[in-house]
Every structure is written in C-alpha cells, then in structure tokens.
Amino acid sequence: MRVLGMMSGTSADGIDVALVRISGAPPAISAKFEGHHHVRFPAQVREAILRLANGAPTTTAEISQLNFLLGEEFARAAITACKKWQIPLRQISLIGSHGQTIFHQGVAAGFLGRRIASTLQIGEPSIIAERTGVVTIGDFRPADMAAGGQGAPLVPFVDYLLYRDARIGRVALNVGGIANLTVIPAGAGPGQLFAFDIGPGNMVIDAIVEIATRGRSHYDRDARFAIRGKLIPALLSTLSREPYLRKRPPKTAGREQFGRAYAEKILARGKQHRASTEDLVRTATVFTSLSIADALRRFVLPRTRVDELIVAGGGARNPLLMAQLAAGLPEIEIVPASEFGVPAEAKEAFAFAVLAYEAYYGRANTLPSATGARHPAVMGKLVRGRAR
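So, here is what we can say about the structure in this document. (Residues numbered from 1 in each chain as written. Predicted model: local features only at pLDDT ≥ 70, side-chain atom pairs only at ≥ 80, totals over all residues. Heavy atoms only, no water.)

1. Details of helix H12 (residues 277-300)
A rise of 1.5 Å per residue sets the reference length of H12, with its 24 residues, at 34 Å; its end C-alpha atoms lie 34 Å apart and thus fit the reference within 8%. Among the 24 residues in H12, 18 count as buried, and that is most of the element. (Helix = DSSP H or I, 4+ residues; strand = E, 2+ residues; numbered from the N terminus. Expected span 1.5 Å × (residues − 1). Buried < 20%, exposed > 50% of the residue type's maximum accessible area, 1.4 Å probe, protein only.)

See below:
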C-alpha cells in the first residue's frame, strides 16, 4: 500500500503529510518513507485552534464548525501533497489522520459524580475521505483510553518497528510541543518497551516568543532569541520544581499543563527578574533540555542501558536545545532520526500512516507498556467516503 499519514501537533503550526509505502505484517512489516510535505494553517485557523486548546470559553457550535473546517484543511493538505509529488490520488490506498488535539486528559478526574478520562481530536475524517476519495482512518486515541490507557504516547508502536536492535539500547525522543520518549532496550520484545511524555518540548518556548512578539514570531528559529539571552538561575530553579516532572510514568501531558497559561506565569516571573524576552527564551530552552536529561536519569537509566538517543521533532532543529542535551548526557550518542530514513519533521506523520495500515487490517496498533492500557487495542475509526 501507498499510505498518507497526516499529523498536526500541539504547536498547531500546520499539517505534516508523509507518504509511506507499507507491506507485510508485524514483526516483518516494511515501511519505506517516500516523501514529506508541510502545509501551514491560515492564521485565523491557528488562532482558533490555540484558543480552544488553551481552554478559552467556546461553544458547541464553534467546536463543531472547527471540526469540519479542519477536515477541509487536512483534505487540502493531502491533495496538495500528492500534486507536489505528482502522484494521482487513485494511487493512494489509505490515509491515516491524527487530527488536531484540542483537549486531552489521560488520567481520570471527577465529572458529574464519575471519574472520567477523555480526549478530543478534531479534523473530521469523513470530509477527508469524501474530498480525496481515499479510505481514511482517524480518531485514534479513544480506543486506547477505553481500554484503560492514557491515549498517549502512540508513536512507540512505530518506534519499535524502526529502531529495535539486538545489541543496541535506544531511546527515541520526539521534541514537538510536548517532549516524549520511547525506551527500546537491546533485544527487547514489544512488552519490554516503555514510554511517556516528559513535559514541555517546544510549547513553552514557542508561547513565550509568540506572546512577547505579539504574534510576529511563532517560534525561536535557530535559537536566535535564546542565543542572545542570559540564563536566569532563580527562574530555572523554580521551573525545575514543576511537580509533573517528578511524577512516575506512565504519564501524559499537553496544553492543560504547559500551555499559554504556563507561559504567561513565566513572563510574569520574568518581570520580577527584569528579564528580557531573550533571557526568558534562553531559560525556557535550558529548562526543556534539562527536563529531558533529568527524565532519562530519573526514570530510564536506572532500568536499562541506553547507547543512542534518536531525536525527532521540531526541537531537533534548535541548536541550543540540542547542545544543552548533549552536554547533559555525555555518555549517550545523540543521533538524528533522519539517519534512519525518516526526516525528523516527518516522523509523527509517518507513524500515523503505519498505525492506519495496521488498523485497516484489524490488527492491534497500541503498546500497553507505553500507554498503561489493560490490553492492546485496534485504534482508529474507518471512513470509506465516496465510492471510486
């Protein structure tokens, strides 16, 4: 099969589309990366996503409308990607769309007298299937949560296929809006993997830049802000005491913990220190890298040997973050995900192509050791759309 995987992450900067040629079945599945395309969201659409994801007041009408509008955006991304690659849509057998998360609470909380965990990804798959004429699988996370899991992280299923090795212990690190990792011990079977969300990846850095520049910049390209700033040790010490960082896995995080409100608290503390925007961005960048290194030392290295740290996500392009990470983990070799044939920016979209392929054949595509579920589940809802 030729499969499109589509992903919009917590940064909500746009849609990544990966073209993947897939055959076989686990453990002998073959997934070959063939192309990547990124489509940015229109500014008004991104603003609406972030407003909802950060918990602003909304209406059921707005959520419903945005769900269908994002379905159109994802369909447009699939169509423009295929035009770029000069591949007719009829040659695409399947689309796997993660959609856009606007709410995720992986751990049950009190609600109307019950304990409920829930998640919501929007970007209506029926629209995608109708506009493209391609069978589409979306809404992956709820099946894992129904089985008692936290609905995240889901990429470890694919990390295992890509990175397992009989002799080398590896950790796959994705630094998106949230930083998460998958631990793949040398010679591990599927049940020996474990994974969790570390905490903030690019999310806090991006929010500080966006708020401080009033939307003129959405992220710290090439660490330009951070490189000009000075570290604020007292603020770094405060951030490092964040309770989530000490919570034992399995655990999952999102904007509910590290969204705009969290960034605004940092900006408020920055005024107490008379800090510049550059100082705050540098401190947030160092905080992110230190929290990743601390998670490895606290929760991973006591359990297993790690030889290589394979890095993907937008944070892999931040030179200061990567330099700090290397300094904090001198005994571990840091390897870009691109050395394994999948560009860092395409990794998660690639993963949802593989997850969709497995769901299409009715095979479990979760790792309970990563999500905490009681048993494996077949994630994803299939929409056939119009007949070809």
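2. Some remarks on the nonpolar core
Within the largest apolar cluster, 51 residues are counted, with the highest numbers of intra-cluster contacts made by Leu 173, Leu 181, Ile 208, Val 300 and Leu 309. When residues of this core are assigned to their parent elements, the largest contribution, 11 residues, is made by H12. Ignoring any residue separated from it by four or fewer positions in sequence, one finds Leu 181 in contact with Val 171, Ala 172, Leu 173, Phe 194, Ala 195, Phe 196, Ile 198, Leu 296 and Val 300. (Core = buried A, V, L, I, M, F, W, Y, C linked by side-chain atoms within 4.5 Å. Contact = heavy atoms within 4.5 Å.)

3. Details of the pattern of salt bridges
Within this structure, the stated rule accounts for 18 salt bridges. Salt-bridge contacts for Glu 47 lead to Arg 51; the nearest nitrogen and oxygen are separated by 3.3 Å. Taken together, the positions of Glu 47 and Arg 51, both in helix H1 (residues 43-53) and 4 residues apart, correspond to about one turn of that helix. Take Glu 47: its relative accessible area is 43%, and that puts it in the partly exposed class. What makes Arg 51 partly exposed here is its relative accessible area of 28%. Salt-bridge contacts for Arg 224 lead to Asp 222; the nearest nitrogen and oxygen are separated by 3.4 Å. Three or more residues joined by partner-sharing salt bridges are found here, namely Arg 2, Arg 21 and Glu 34. (Salt bridge = Lys/Arg side-chain N within 4 Å of Asp/Glu carboxyl O.)

4. Structural notes on the pairing of strand E11 (residues 333-336)
One ladder, built from 4 bridges, connects strand E10 (residues 308-312) with E11; its direction is parallel. Residue pairing for E11: Leu 309 is matched across the bridge by Ile 334. Viewed along the sheet, the connection from E10 through helix H13 (residues 319-328) into E11 turns out right-handed. (Pairing = 2+ DSSP bridges. Right-handed = clockwise from strand over helix to strand, strands pointing away.)

5. Observations regarding unusual backbone geometry
The peptide bond linking Ala 152 to Pro 153 adopts the cis configuration, its omega dihedral lying at -10°. Relative to the helices and strands, Pro 153 is located in the loop between helix H4 (141-146) and helix H5 (156-163). The amide bond that connects Pro 249 to the next residue, Pro 250, takes the cis arrangement and shows omega of 0°. Positive phi outside glycine occurs at Asp 139, with the angle close to 55°. Its place among the elements puts Asp 139 in the loop between strand E6 (136-138) and H4. For Arg 274, which is not glycine, the phi torsion reads 50° and is therefore positive. Relative to the elements of secondary structure, Arg 274 occurs in the loop between helix H11 (260-272) and H12. With relative accessibility at 81%, the residue Arg 274 sits in the exposed group.

6. Here's the deal with the environment of Met 203
Position of Met 203 among the secondary structure elements: in helix H6 (residues 203-212). Placed 192 residues apart in sequence, Met 203 and Ser 11 show a C-alpha to C-alpha distance of 6.3 Å. Each residue touching Met 203, except ones within four places of it in the same chain, is listed here: Thr 10, Gly 176, Gly 177, Ile 178, Gly 254, Arg 255, Phe 258 and Gly 259.

7. A few points about the environment of His 375
Within the secondary structure, His 375 sits in the loop between helix H15 (368-371) and strand E12 (381-383). His 375 sits in the partly exposed class, given a relative accessible area of 41%. Put simply, His 375 and Ala 77 are 298 residues apart on the chain and 34 Å apart in space, counted from C-alpha to C-alpha. Contact partners of His 375, with chain neighbours within four places excluded, come to Ala 147, Thr 366 and Pro 368.

8. A short note on the environment of Arg 228
Relative to the elements of secondary structure, Arg 228 occurs in helix H7 (residues 224-228). The sequence separation of Arg 228 and Arg 282 amounts to 54 residues, and the corresponding C-alpha distance is 8.0 Å. Polar side-chain contacts of Arg 228 include one of 3.2 Å to the backbone oxygen of Arg 224. (Polar contact = N/O pair within 3.5 Å; in protein donor to acceptor, adjacent residues only side chain to side chain.)

9. Remarks on a nonpolar patch on the surface
Together, Phe 111, Leu 112 and Ile 116 make up an exposed nonpolar region whose accessible area comes to about 340 Å². Relative to the helices and strands, Phe 111 is located in strand E4 (residues 94-111). (Patch = residues over 30% accessible without salt bridge, like charges linked within 9 Å, V, L, I, M, F, W, Y side chains within 5 Å. Areas by Shrake-Rupley, 256 points an atom, 1.4 Å probe, with all protein chains shown as cover.)

10. So, the packing of H5 against helix H14 (residues 347-360)
Closest axis-to-axis distance for the H5/H14 pair is 9 Å, and the angle between their directions is 100°. On the basis of the axis angle, H5 is roughly perpendicular to H14. Facing H5, whose interface residues are Phe 157, Val 158, Asp 159, Leu 161, Leu 162 and Tyr 163, H14 presents Lys 347, Phe 350, Ala 351, Val 354, Leu 355 and Glu 358. (Axes fitted to C-alpha atoms, helices over the stretch in contact; angles between N-to-C directions. Parallel < 35°, antiparallel > 145°, perpendicular 65-115°, else oblique.)

11. Remarks on the packing of H12 against H13
Put simply, H12 and H13 touch, their axes get as near as 9 Å, and they point 35° apart. The handedness of the crossing between H12 and H13 is right-handed. Here H12 contributes Arg 282, Thr 285, Val 286, Thr 288, Ser 289, Ile 292, Ala 293 and Arg 297 to the contact with H13, which in turn contributes Leu 320, Leu 321, Gln 324, Leu 325 and Gly 328. Residue composition of the contact of H12 with H13, by class: 6 nonpolar, 5 polar and 2 charged. (Left-handed = near helix turned anticlockwise from the far one by under 90°. Nonpolar A, V, L, I, M, F, W, Y, C, P; charged D, E, K, R; others polar.)

In short, the description is geometric, and any link to function would need to be established separately.
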